[in-house]
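# Reading the structure
One letter stands for each residue in the lines below.
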Amino acid sequence: MSARIIDGKAVAARVRAEVARDVAAFTQEHGRAPGLATLLVGGDPASAIYVGGKQKASAEVGIRGFDHRLAEDASREEVTALIEALNADPDVSGILCQLPVPAHLDGVELTGLVDPRKDVDGLTPLSAGMLALGREGLRPCTPEGVMILLEEAGPTLEGAEAVVVGRSNLFGKPMAQLLLGANATVTTCHSRTSDLPAVCRRADVLIVAVGRAHLVGADWVKPGAVVIDVGMNRVDGVLRGDVDFDAVAPVAGAITPVPGGVGPMTIACLLRNTLKAARMAAGERA
Ligand code: NAP
């Protein structure tokens with residue numbers, strides 16, 4: 001194996017320690033801690049675990065948690081009223097509406113109701129627009145986490161060929177925008193891309209977020225490339241990435257493992273965003 005392993009767990013721990021330090025300073029200065037409200041509609045077990053993890057991580061860095069849970073059959077009006085109350089609550093710096101929501105609700109519509117100044121998931125139309133315009137704003141947590149890992153891995157993004165596989169609003173599109181902002185030459189691929197392996201082989205930086213276990217093999221990767229695997233796939237109870245790690249590691253220059261790569265960065269960046277939102281609300285530069 002030749003690739004350097006990018007240790008997302010270690011980087012996330014460092015980010016969380018920095019956030020904890022800065023939250024303590026913020027709390028002392030302003031007399032109240034930043035607050036993160038999570039909103040979960042229904043009883044999806046995986047979502048309940050994610051929300052619980054986010055609340056636990058918040059408490060660990062000194063962020064105040066507001067854990068709101070509504071019944072599976074909660075009406076649009078009920079959810080809307082709660083989001084509006086959280087928008088108006090000065091103790092709440094950030095709001096996260098856990099997706100997916102039950103089928104009778106529209107997750108995109110509900111996310112869009114969050115005050116963009118509290119949009120710690122970076123998913124409202126205003127946050128997406130600010131990113132597209134290259135203006136300051138709250139960024140989606142997973143792509144932001146990947147940018148931190150890329151800084152850590154050390155490739156020069158300026159002028160590099162970056163290929164993002166996947167074009168979701170949650171990850172692929174904002175990832176491509178962030179890379180463009182860092183002056184990479186960016187190609188975004190999807191299920192209709194012709195000759196995907198050939199496009200991937202051009203990449204100095206290859207980022208894969210598809211949701212298909214071991215889609216990317218060694219012959220998709222340029223020797224020495226930095227490979228970031230965002231995929232999380234349960235196969236026979238085991239968590240696997242979109243990249244065949246054992247096959248690709250001898251070819252790549254650096255690579256993230258699954259688990260322990262991108263995953264831990266998402267919550268770390270959510271905590272960072274909550275502090276950033278609190279600072280912006282207090283009129284400070286984030
Ligand atoms: P998504 O909304 O399902 O999007 C998947 C994307 O992959 C789509 O753009 C789709 O193309 C493309 N795609 C599907 N099959 C393909 C193929 N055979 N070749 C090329 N492209 C293909 O998924 P997502 O929310 O972006 O998530 C993707 C993966 O990342 C999942 O495994 C998810 O669990 C993981 N994830 C992890 C984190 C984390 O915290 N670590 C966060 C977010 C996502 P079309 O647009 O043409 O359909």
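Residues numbered from 1 in each chain as written. Predicted model: local features only at pLDDT ≥ 70, side-chain atom pairs only at ≥ 80, totals over all residues. Heavy atoms only, no water.

Looking only at helices and strands, the protein features 10 helices and 11 strands. Scaling as 2.2 N^0.38, a compact globule of 286 residues should have a C-alpha radius of gyration of about 19 Å, and the protein matches this with 19 Å. Its C-alpha atoms put the protein at 50 × 40 × 35 Å along the principal axes. Here the protein holds 286 residues, and the buried ones make up 47% of them. (Helix = DSSP H or I, 4+ residues; strand = E, 2+ residues; numbered from the N terminus. Rg over C-alpha atoms; globule rule 2.2 N^0.38 Å. Buried < 20%, exposed > 50% of the residue type's maximum accessible area, 1.4 Å probe, protein only.)

This part covers the layout of surface pockets. Each pocket or cavity is described by its volume, and for the largest pocket that value is around 1,300 Å³. Residue lining of the largest pocket: 42 residues in total, with Tyr50, Thr142, Met232, Gly263 and Thr266 positioned closest to the centre. Contributing elements (two or more residues each) for the lining of the largest pocket: α2 (45-60), β4 (94-97), α6 (141-153) and α10 (263-281). Here the element with the most residues in the lining of the largest pocket is α2; it accounts for six residues. Tallied by class, the residues present in the lining of the largest pocket amount to 25 nonpolar, 11 polar and six charged. Of the residues that make up the lining of the largest pocket, three or more belong to each of domain 1 (31-115) and domain 2 (141-263). Taken as a whole, the second largest pocket holds about 390 Å³ of empty space. Forming the walls of the second largest pocket are 19 residues, and the residues nearest its centre are Leu123, Thr124, Ala128, Asn169 and Leu170. (1 Å grid on protein atoms, 1.4 Å probe; cavity = no way out; pocket = protein on both sides within 12 Å on 5 of 7 lines; lining within 4 Å. Points joined across faces, edges and corners; volume = space filled by probe spheres on them. Nonpolar A, V, L, I, M, F, W, Y, C, P; charged D, E, K, R; others polar. Domains from an automatic or database assignment.)

The next thing to look at is the sheet that holds β4. Taken together, three strands build an open sheet; the order of strands is β3-β2-β4 and the sheet is parallel. Across the chains shown, the open sheet's two edge strands, defined by having one partner strand only, are β3 (64-70) and β4. Neighbouring strand axes in the sheet, compared pairwise and without regard to direction, differ in orientation by 15 degrees on average. In this structure, strand β2 (residues 35-41) lies alongside β3, joined through seven bridges in parallel fashion. Pairing of Leu40 across the sheet is with Arg69, part of β3. (Pairing = 2+ DSSP bridges. Axes fitted to C-alpha atoms, helices over the stretch in contact; angles between N-to-C directions.)

The subject of this paragraph is the domain arrangement of the protein. Per the domain assignment, the segments of the protein are domain 1 (31-115) and domain 2 (141-263). Using C-alpha coordinates to define each centre, domain 1 is positioned 29 Å away from domain 2.

So, about the site of the ligand. Taken together, the neighbourhood of the ligand is formed by 20 residues, with Arg167, Ser168, Ser191, Met232 and Thr266 sitting nearest. Arg167 is positioned such that a nitrogen or oxygen atom in its side chain is 2.7 Å from an oxygen atom of the ligand. In this structure, an oxygen atom belonging to the ligand sits 2.5 Å away from a side-chain N or O atom of Ser168. Protein chains shield 71% of the accessible area of the ligand, which is 930 Å² for the free molecule. (Near = heavy atom within 4 Å. Polar contact = N/O pair within 3.5 Å; in protein donor to acceptor, adjacent residues only side chain to side chain. Areas by Shrake-Rupley, 256 points an atom, 1.4 Å probe, with all protein chains shown as cover.)

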